[in-house]
Amino acid sequence: MDVAAPALSPAGSADPQPPPRRADPCAFVIFGASGDLTKRLLVPALYNLAAARLLPDDFAVIGVARGDVSDDAFRDRMREALQEFATGSASPEVVRDLTARFSYLRGDFDDPNTYRSLKDKLSAAERTFRTGGNCLFYLATPPNVFALVAQQLADVGLLREEGGRWRRLVIEKPFGTDLDSARELDRRLLGLMSESQIYRIDHYLGKETVQNIMVLRFANGLFEPLWNRDHIDHVEITVTETLTVENRGKFYDGTGALRDMVPNHLFQLLALTAMEPPVRFDADAVRSEKAKAIEAIRPLTPDDVCHDVVRAQYRGGTVGSRRIHAYREESGVDPNSMTETYLAMRLAIDNWRWAGVPFYLRTGKALAARRTEIAINFKAAPFALFRRTPVERLAQNLLVLRIQPDEGASLQFNAKTPGPEILIGGVRMDFKYADYFETAPNTGYETLIYDCMIGDATLFQRADNIESGWRVVQPILDAWREGRDCADLTWYAAGSEGPREAEELLARDGRAWRKIA
Ligand code: BG6
């Protein structure tokens, strides 16, 4: 992850930064090349990297999937994908040059012949495109074949790093479905290659605004002295979506909001908010601090799960002007499904910085608005000074980091309302990314892919990061499986702010969520 010096002037007038270095020569192998991820995100991201001249000159892409497709037909499909999913208007020259490097291999993931053929194809790519024998294997596949593909790659020697060549494996989420399965997957992968060869993706870390959390905290003298239990009352982390499960009903029904969003995306936000300053801006230092923050979360007892975790499912309703069916009526979903599409929880972080500061997390589908944000609620100022004035209460100082949409940050504080009397109103200072930085629209995968190619793992999850996330949610999965009455599923209307029980979770502490719409 490259960090450039800050721009202090509005968009357009910032000093130009030297371009980052081009990635190493390599072959990019996509397992699951006929899938959605490839055409919607990976190929458009490769295009953006090519257009920004960040891809190496010596580069090849090999798509692997089951369908019987010729090289030419594969290139045509990828060109069509770019027409549909490129994030801006695609330059025909860049598209031509990029897709000329694409080839296709038909093969079953469990067939050793697939990997023997892949080895031959990689040798050919090394000769034609001078890839130097470096390979990035991207598993855009269902999770149940992650270990299988890795094993087969290892069996034909494709994971061996020799003579200065690197071999890296990129794995999409979900990484396991609980603590045991995540550990087992790690055990199998680490039996085949070293930790430094594994890049576990959490696409939230590809978002500029997520990367900015660390910069905001550690590149400013202003916030860090206040960033602790002495000054912060509570923290709210919100990731709400208006989307339903769309066409992923079958997958989602076996997964649910907790597994889908919490140990990965929400815990990334939590870790970046709660971590101690790393000693260096490098992969191991950053990931160690993030792991420590998650490990400091107080383990939930079965009673805590009853009191501090709310799970709910959406019923029919309206999101904007869109009429939404109940979750149970979605295709691929069991009509009696008890899967949660919403989750809210209160967590405590038991360390010197955060003891006594609740972290409230919520996420859900089919809600009133799409909003990902971290709200840092500061402690109220002492009121005594205003006792003999008409001021009834002071607004809380609030720092909101808006991850998406409307990326930016705002700080709320109290100001005197003009007039002869002492009246006080909450006002807001607002920073919008778009006002300061001109960023080309992107898929969010560009930085991640580029970082894999230059061997920078800062934005990827280490085995211990994944396992510490699962360790926190495991007691919740256990309590739900045991079917304790108090941990029952509740309901909310599609298009609403979420279930009443989530409001009650904060109301019990004398607090309220920020409105999402
Ligand atoms: C994915 C989840 O990891 O993240 C989806 O599987 C969810 O269910 C998505 O919709 C949210 O990502 P974003 O970038 O739209 O916030």
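So, how was this worked out
Residues numbered from 1 in each chain as written. Predicted model: local features only at pLDDT ≥ 70, side-chain atom pairs only at ≥ 80, totals over all residues. Heavy atoms only, no water. Helix = DSSP H or I, 4+ residues; strand = E, 2+ residues; numbered from the N terminus. Rg over C-alpha atoms; globule rule 2.2 N^0.38 Å. Buried < 20%, exposed > 50% of the residue type's maximum accessible area, 1.4 Å probe, protein only. Contact = heavy atoms within 4.5 Å. Salt bridge = Lys/Arg side-chain N within 4 Å of Asp/Glu carboxyl O. Near = heavy atom within 4 Å. Polar contact = N/O pair within 3.5 Å; in protein donor to acceptor, adjacent residues only side chain to side chain. Areas by Shrake-Rupley, 256 points an atom, 1.4 Å probe, with all protein chains shown as cover. Nonpolar A, V, L, I, M, F, W, Y, C, P; charged D, E, K, R; others polar. Expected span 1.5 Å × (residues − 1). Bend = angle between axes of the 7 residues up to and from the residue. Core = buried A, V, L, I, M, F, W, Y, C linked by side-chain atoms within 4.5 Å. Axes fitted to C-alpha atoms, helices over the stretch in contact; angles between N-to-C directions. Parallel < 35°, antiparallel > 145°, perpendicular 65-115°, else oblique. Pairing = 2+ DSSP bridges. Phe/Tyr/Trp six-rings, centres within 6.5 Å; stacked < 30°, edge-to-face > 60°. Lys NZ or Arg CZ within 6 Å of the ring centre and 35° of its normal.

**Details of the overall build of the chain**
Item 1. Looking only at helices and strands, the chain features 15 helices and 17 strands.
Item 2. Scaling as 2.2 N^0.38, a compact globule of 517 residues should have a C-alpha radius of gyration of about 24 Å, and the chain matches this with 24 Å.
Item 3. Overall, the chain is about 85 × 60 × 45 Å in size when its C-alpha atoms are taken along their principal axes.
Item 4. Relative to its full complement of 517 residues, the chain shows a buried share of 52%.
Item 5. Long-range contacts, defined as pairs at least 24 residues apart, comprise 78% of the intrachain contacts of the chain with a sequence gap of at least 6.

**Considering the pattern of salt bridges**
Item 1. Per the stated rule, a full pass over the model turns up 40 salt bridges.
Item 2. In this structure, Asp350 engages Arg298 in a salt bridge whose closest nitrogen and oxygen atoms are separated by 3.2 Å. Of this pair, Asp350 sits in the loop between β11 (342-348) and β12 (358-364) while Arg298 sits in the loop between α10 (283-295) and α11 (302-308), and the two are 52 residues apart along the sequence.
Item 3. Residue classification places Asp350 among the partly exposed positions, given a relative accessible area of 43%.
Item 4. Arg462 is the partner of Asp464 in a salt bridge, and the nearest nitrogen-oxygen pair spans 2.8 Å.
Item 5. Looking at Arg462, the relative accessible area reads 12%, which means it is buried.

**Section: the site of the ligand**
Item 1. Every residue lining the ligand is accounted for by Lys173, His203, Tyr204, Lys207, Glu241, Arg248, Asp260, Met261, His265, Lys365, Arg370 and Gln404.
Item 2. Take Gln404: an N or O atom from its side chain is 2.7 Å from an oxygen atom of the ligand.
Item 3. Out of a free accessible area of 400 Å², the ligand has 82% covered by protein chains.
Item 4. Of the residues contributing to the shell around the ligand, the split by class is two nonpolar, three polar and seven charged.

**A short note on helix α9 (residues 256-274)**
Item 1. Between the first and last C-alpha of α9 there are 25 Å, a value that for 19 residues agrees with the 27 Å anticipated at 1.5 Å per step.
Item 2. Within α9, the axis deviates most sharply at Val262, by approximately 55°, and proline Pro263 lies no more than four positions further along.
Item 3. Most of α9 sits out of view: 18 of its 19 residues are buried.

**What to know about the nonpolar core**
Item 1. In this structure, Phe28, Phe31, Leu118, Phe137, Leu153, Phe359 and Met453 are the most contacted members of the largest nonpolar core, which totals 151 residues.
Item 2. With residues near it in sequence (within four places) discarded, Leu118 still touches Val29, Phe31, Ile62, Val64, Leu105, Phe137, Leu153 and Leu158.

**Looking at the packing of helix α7 (residues 208-218) against α9**
Item 1. Remark: α7 packs on α9, axes separated minimally by 9 Å, with the N-to-C direction vectors making an angle of 10°. Taken together, the axes of α7 and α9 are roughly parallel relative to one another. Counted together, Val210, Ile213, Met214 and Arg217 of α7 and Leu269, Leu272, Thr273 and Ala274 of α9 form the full contact between these two elements.
Item 2. Its residues assigned to classes, the contact of α7 with α9 comprises six nonpolar, one polar and one charged.

**Brief notes about the sheet that holds strand β13 (residues 371-378)**
Item 1. Judged by pairing direction, the sheet is mixed, and its nine strands sit side by side in the order β16-β15-β14-β13-β7-β12-β11-β8-β17 without closing on themselves. Lying at the two open borders of the sheet, with one neighbouring strand each, are β16 (424-432) and β17 (489-493). Looking at each pair of strands side by side, their axes are set apart by 20° on average, direction ignored.
Item 2. Where α7 meets the sheet, it contacts β13, β14 (398-404) and β15 (408-416), and its direction lies at approximately 150° from that of β14.

**Describing the sheet that holds strand β4 (residues 135-139)**
Item 1. One open sheet holds the six strands; their spatial order is β3-β2-β1-β4-β5-β6, and the pairing between them is parallel. Looking at the sheet topology across the chains shown, the edges are occupied by β3 (102-106) and β6 (198-200). Each strand of the sheet is rotated relative to its neighbour by a mean of 20°, with strand direction disregarded.
Item 2. Note: strand β1 (residues 26-31) against β4, five bridges, orientation parallel.

**Here we look at the packing of aromatic side chains**
Item 1. Applying the stated rule across the entire model yields 17 aromatic pairs.
Item 2. Residues Phe431 and Tyr433 carry aromatic rings whose centres are separated by 5.1 Å and whose planes lie at 50° to one another, so their mutual orientation is tilted.
Item 3. Residue Phe431 is classed as partly exposed on the basis of its relative accessible area, which comes to 25%.
Item 4. Aromatic ring contacts, followed pair by pair, group Tyr252, Tyr314, Tyr327, Tyr342 and Tyr492 into a single cluster.
Item 5. Here the guanidinium or amino end of Arg168 rests over the ring plane of Trp166, the centre of that ring lying 3.8 Å away.
Item 6. Directly above the aromatic system of Tyr204 lies the positively charged group of Lys207, at a separation of 4.7 Å from the ring centroid.

**Some remarks on the side chain of Gln461**
Item 1. Assignment of secondary structure puts Gln461 in the loop between α13 (446-454) and α14 (463-482).
Item 2. Residue Gln461 is classed as buried on the basis of its relative accessible area, which comes to 6%.
Item 3. Looking at Gln461, its side chain comes within polar contact range of the side chain of Gln268, at 2.4 Å.
Item 4. Apart from residues lying up to four places away in sequence, Gln461 is in contact with Glu195, Arg200, Asp202, Gln268, Arg287 and Ile466.

**Things to note about the pairing of β3**
Item 1. Among the five residues that make up β3, four are buried, leaving the element largely enclosed by the rest of the structure.
Item 2. Summarising the sheet, strand β2 (residues 59-65) and β3 pair through five bridges and their orientation is parallel. Within β3, the position partnered with Val64 by the bridge is Leu105.

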